[in-house]
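Below are the chains, spelled out letter by letter.
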Amino acid sequence: MNFMKKLFTLLAFLLMVGTANAQFTEGTKYVGASVSGLGLSYSKDAGFRFGLQATAGYFIADGFMVKANLGYDHTKIANDFSAGVGGRYYFTQNGIFLGAGAELTHTSPNFNSVSIPVEVGYCFYLNHYLSIEPSVYYKASLTDFADKSTVGLRIGLGYYF
């Protein structure tokens, strides 16, 4: 009887590992939303930062997703609206992902900035389709490196289908 429990546990574990890899296969679609906060900035004026981001993506190959995103960031001195494109590479063995891209940001009232965002995160699955995705990001501003580059934490919710 003890042998059967061990065998069943092993089979269940192998099934979970097999389904965890299935979400990162070619042809899979992705939509996600995230909240960022606790942002740090090279600018002493920015201080607290709170952001929302919506992302859509498509796996063009196993483990590699191309994506587009829209975002909103709020600081005590300005509101930022951003749009970007990029990619993510997923390590299918453990759910860790690396991302990079390009982003255009419009800061009210009248400032535009181009940045290169990079991130590293983890994809923790709640079920076969839904995941929680904490990540750390860095946005290097090409327009005003000293005052517009930011580092922060992001927590997202992703849906793979």
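Presented here is an overview of the structure given in this document.

1. Quick notes on the nonpolar core
Then, in step 1: Counting residues in each nonpolar core, the largest one holds 9 residues, listed as Phe24, Tyr30, Phe59, Met65, Tyr90, Phe97, Cys123, Tyr125 and Tyr160.
Then, in step 2: Non-local contacts of Phe59, meaning those with residues more than four positions away in its chain, are made with Gln23, Phe24, Thr25, Glu26, Gly27, Thr28, Phe64, Met65, Tyr90 and Tyr160.

2. Regarding the environment of Ile96
Then, in step 1: Checked against the element boundaries, Ile96 lands in strand S5 (residues 96–107).
Then, in step 2: Ile96 sits in the partly exposed class, given a relative accessible area of 33%.
Then, in step 3: Through-space distance from the C-alpha of Ile96 to that of Val120 is 7.4 Å; in sequence the pair is 24 residues apart.
Then, in step 4: Those residues in contact with Ile96 that sit more than four places away from it in its chain are Tyr89, Tyr90, Phe91, Val120, Gly121 and Tyr122.

3. Quick word on the pairing of strand S4 (residues 79–90)
For a regular strand, side-chain orientation follows a simple rule: the groups alternate between the two sheet faces.
Then, in step 1: Bridge analysis of strand S3 (residues 64–75) against S4 gives 11 bridges, and the strand direction is antiparallel. Pairing of Tyr72 across the sheet is with Phe81, part of S4.
Then, in step 2: Where S3 hands over to S4, the hairpin turn is made up of 3 residues, counted between the paired strands.
Then, in step 3: For S4 and S5, the ladder comprises 11 bridges, and the chain directions are antiparallel. Residue Tyr90 lies in a different strand from S5, and its bridge partner there is Phe97.
Then, in step 4: The loop that links S4 with its antiparallel partner S5 comprises 5 residues; one of these, Gly95, has a positive phi angle of about 85 degrees.

4. Description of the pattern of salt bridges
Any two side chains of opposite charge can pair, given that their charged atoms come close.
Then, in step 1: Throughout the structure, instances matching the rule amount to 5 salt bridges.
Then, in step 2: For Glu103, the salt bridge is made with Lys139, and the minimal N-O distance between the two is 2.8 Å. In this pair, Glu103 is assigned in strand S5 and Lys139 in strand S8 (residues 130–141), connecting sequence segments 36 residues apart.
Then, in step 3: You can call Glu103 buried: its relative accessible area is 4%.
Then, in step 4: Exposure remark for Lys139: the relative accessible area of 11% places this residue in the buried category.
Then, in step 5: Residue Arg154 is joined to Glu119 by a salt bridge in which the shortest nitrogen-to-oxygen separation is 3.5 Å. Taken as a pair, Arg154 in strand S9 (residues 150–160) and Glu119 in strand S6 (residues 111–122) lie far apart in primary sequence, 35 residues in all.
Then, in step 6: With relative accessibility at 11%, the residue Glu119 sits in the buried group.
Then, in step 7: The structure contains a network of salt bridges with shared partners spanning Arg88, Glu119, Glu133 and Arg154.

Calculation criteria
Residues numbered from 1 in each chain as written. Predicted model: local features only at pLDDT ≥ 70, side-chain atom pairs only at ≥ 80, totals over all residues. Heavy atoms only, no water. Core = buried A, V, L, I, M, F, W, Y, C linked by side-chain atoms within 4.5 Å. Buried < 20%, exposed > 50% of the residue type's maximum accessible area, 1.4 Å probe, protein only. Contact = heavy atoms within 4.5 Å. Helix = DSSP H or I, 4+ residues; strand = E, 2+ residues; numbered from the N terminus. Pairing = 2+ DSSP bridges. Salt bridge = Lys/Arg side-chain N within 4 Å of Asp/Glu carboxyl O.

Taken by themselves, the reported measurements are silent on function.
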